[in-house]
Amino acid sequence: GALPNGRASLRHFTQAYGEALGGLQEQVASLSSGDLSAAQRRVADGRAGRASQKKAAAASVIGKSLGNTANRVEAGVKLESMAMAVAPKGKKATYAAEKKAAAAKAKTKEEAEE
């Protein structure tokens, strides 16, 4: 693999450090003035952001694990709805059905664009 670029890493660190330091200075100023609501809002925003990231990550994992099965089911439904009901038997037949469904989907997409 490629070795990390020392200068690029240093630039990234310097930028991230500067942003963190600036945010910290703002927080210290707001807390020293007695404004606790701003700090509470930041904490609540951070928690909400982390919760939404966690939820999105979980949904992504579930979607990826069901992706192939869902695609095959969708391909089967499309074939049946197109009156091309073929009883797929084995991997080759399933693959062929998926290819036909993908071609039909591409064709309808092209027609819709025109």
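Residues numbered from 1 in each chain as written. Predicted model: local features only at pLDDT ≥ 70, side-chain atom pairs only at ≥ 80, totals over all residues. Heavy atoms only, no water.

**Thoughts on the pattern of salt bridges**
Heads up, the condition is: Here, a salt bridge means any side-chain nitrogen of Lys or Arg that lies within 4 Å of a carboxyl oxygen of Asp or Glu. We count a stretch as a helix when DSSP gives it H or I for four or more residues in a row; a strand needs E for two or more, and each element gets its number in order from the N terminus. Using a 1.4 Å probe on the protein chains alone, a residue whose accessible area is under 20% of its type maximum counts as buried, one over 50% counts as exposed, and one in between counts as partly exposed.
Going through the model one piece at a time under the given rule, you end up with one salt bridge. The residue R42 makes a salt bridge to E26 at a minimum N-O spacing of 3.6 Å. On the criterion of sequence distance, the pair formed by R42 in helix α2 (residues 36-81) and E26 in helix α1 (residues 6-32) is long-range, its members being 16 residues apart. Overall, R42 belongs to the partly exposed group, its relative accessible area being 37%.

**Remarks on a nonpolar patch on the surface**
Threshold: By definition, no residue in a patch forms a salt bridge, and every one has over 30% relative accessible area; like charges are joined within 9 Å, nonpolar side chains (Val, Leu, Ile, Met, Phe, Trp, Tyr) within 5 Å. Each accessible area is a Shrake-Rupley result for a 1.4 Å probe, and residues are judged covered by the shown protein chains and nothing else.
On the surface, a nonpolar cluster with roughly 610 Å² of combined accessible area is contributed by L10, F13, Y17, L21, L24 and V28. Relative to the elements of secondary structure, Y17 occurs in helix α1.

**Observations regarding the side chain of S30**
Defined as follows: Any two residues having at least one pair of non-hydrogen atoms within 4.5 Å are treated as being in contact.
Within the secondary structure layout, S30 lies in helix α1. On the basis of relative accessibility, which here comes to 14%, the residue S30 falls in the buried class. If we skip the residues at most four places from it in the chain, S30 touches D35 and R42.

**Observations concerning the confidence of the model for the protein chain**
What counts is decided by this rule: Per-residue confidence from the predictor is reported as pLDDT, which spans 0 to 100.
Scored by pLDDT, the protein chain has a mean of 76; 66% of the residues are at 70 or more. Predicted confidence in the protein chain is weakest over α2, with a mean pLDDT of 74, and strongest over α1, with 85.

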